[in-house]
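Each chain, letter by letter, is given below.
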Amino acid sequence: AATDHACHVVCLLLCRTVLAPGVRVSFDFLPLHDGQFEAMEKGRLDLVLVADDGYAPTHFVKEVIFEVDFVCVVAKQSRFSRALTLKQYLAADHIGISILGGIQTIPEKRLAAIGAKRRCPIWVPYHTTALRSLISTNLVATVPRRMAELEASNPAIKILKAPAVLGTFKYLMSWHPRMNTDSAHTWLRSTIREAGKRIPIV
């Protein structure tokens, strides 16, 4: 289970390396959802790719696979130019990406830590939907840099530096400890780990 962000980053590398002539393997990526950890507990999921936001149950094993920063994406006609101050960010209307429990966990937690909250009149389930929906609006989308880069050639948007409070965040793979010595699962983790090593750290 993974967000569209993790799928974009990891699947790109898997398709170029693992899916080669003579290799027979099937990766089935599913959308991240509120029941992902229960599904992993019951053996219906092998692995969850998730931001290090503190929501993963403590008894699951976790390993960092890559790190990324946030940027803000706005429509080309936006009055904002190169960066958003925290004051500007909080005064703006946002299009949120519902990651877990109806919130975009990392931005919400970082803002809550300083007693702030942004205004999101609309929520969508995917980063790509947010990026394409803000065109010709005054909305701001806060997305991982690599998702914004997907749309960087779109003349209808511009990418801005995000407020420093949003910082960077780590992306994890998480699994049930009963799978620690399973040979197939060990290979899966190794494959994801190697893919992560090929992703530049911000």
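Residues numbered from 1 in each chain as written. Predicted model: local features only at pLDDT ≥ 70, side-chain atom pairs only at ≥ 80, totals over all residues. Heavy atoms only, no water.

Student: Sorry, what's going on with helix 1 (residues 4–17) here?
Tutor: For the α-helix, the turn length of 3.6 residues means that residues three or four positions removed from each other point alike. Spanning 14 residues, helix 1 covers 20 Å between terminal C-alpha atoms, matching the ideal 20 Å at 1.5 Å per step. Along its length, helix 1 shows its largest kink, about 30 degrees, at Val10. Those residues of helix 1 lying buried are Asp4, His5, Ala6, Cys7, Val9, Val10, Leu13 and Leu14. (Helix = DSSP H or I, 4+ residues; strand = E, 2+ residues; numbered from the N terminus. Expected span 1.5 Å × (residues − 1). Bend = angle between axes of the 7 residues up to and from the residue. Buried < 20%, exposed > 50% of the residue type's maximum accessible area, 1.4 Å probe, protein only.)

Student: Would you mind going over the packing of aromatic side chains with me for this structure?
Tutor: Where two aromatic rings form a pair, the distance of their centres and the angle of their planes describe that pair. Going through the model one piece at a time under the given rule, you end up with five aromatic pairs. When the ring of Phe169 is compared with that of Tyr171, the centres are 6.2 Å apart and the planes differ by 55 degrees; the resulting orientation is tilted. In this structure Tyr171 comes out as buried when scored by relative accessible area, which is 2%. Taken together, the ring pairs connect Phe66, Phe70, Phe169 and Tyr171 into an aromatic cluster. Lying over the aromatic face of Tyr55, Lys109 brings its terminal NZ or CZ to 4.9 Å of the ring centre. (Phe/Tyr/Trp six-rings, centres within 6.5 Å; stacked < 30°, edge-to-face > 60°. Lys NZ or Arg CZ within 6 Å of the ring centre and 35° of its normal.)

Student: Please clarify how the environment of Gly167 should be interpreted in this entry.
Tutor: Here Gly167 lies in the loop between strand 6 (157–161) and strand 7 (168–175). With 99 residues separating them along the chain, Gly167 and Val68 place their C-alpha atoms 8.9 Å apart. Not counting the four nearest positions on each side in its chain, Gly167 is found in contact with Asp69, Phe70 and Arg110. (Contact = heavy atoms within 4.5 Å.)

Student: Sorry, what's going on with the side chain of His94 here?
Tutor: Mapped onto the secondary structure, His94 falls in strand 3 (residues 93–97). Given a relative accessible area of 0%, His94 falls into the buried group. A distance of 2.7 Å separates a polar atom in the side chain of His94 from the backbone oxygen of Tyr89. Filtering out sequence-adjacent residues up to four positions away, His94 remains in contact with Tyr89, Arg118, Arg119, Cys120, Pro121, Ile122, Leu139, Val140 and Thr142. (Polar contact = N/O pair within 3.5 Å; in protein donor to acceptor, adjacent residues only side chain to side chain.)

Student: So what exactly am I meant to see when it comes to the nonpolar core here?
Tutor: Buried together is how nonpolar side chains tend to be arranged in soluble globular proteins. Counting 37 residues, the largest nonpolar core has Leu49, Tyr171 and Ile192 as the members making the most contacts within it. In contact with Leu49, other than residues within four places in its own chain, are Ala1, Ala2, Thr3, Ala6, Val10, Phe29, Leu32, Ile65, Tyr171, Leu172, Met173 and Ile192. Judged by nonpolar contacts, the second largest core, of 26 residues, contains Phe37, Val48, Val143 and Met147. (Core = buried A, V, L, I, M, F, W, Y, C linked by side-chain atoms within 4.5 Å.)

Student: Is there a simple way to explain the pairing of strand 2 (residues 61–75) in this structure?
Tutor: Of all 15 residues in strand 2, 11 are buried, a share of seventy percent or more. Two elements, strand 2 and strand 7, share eight bridges in a ladder whose sense is antiparallel. Bridge assignment links Glu63 to a residue of strand 7, and that residue is Met173. Both strand 2 and strand 5 (residues 141–144) contribute to a ladder of four bridges, which runs antiparallel. Bridging from a neighbouring strand, Val71 pairs with Val143 of strand 5. Where strand 2 lies against strand 6, five bridges are found, and the strand directions are antiparallel. Residue Val71 lies in a different strand from strand 6, and its bridge partner there is Lys161. (Pairing = 2+ DSSP bridges.)

Student: What exactly am I supposed to notice about the side chain of Ser174 here?
Tutor: You can see Ser174 is positioned in strand 7. The class for Ser174 is buried, based on a relative accessible area of 0%. Among the polar contacts made by the side chain of Ser174, one reaches the main-chain carbonyl oxygen of Val61 at a distance of 3.2 Å.

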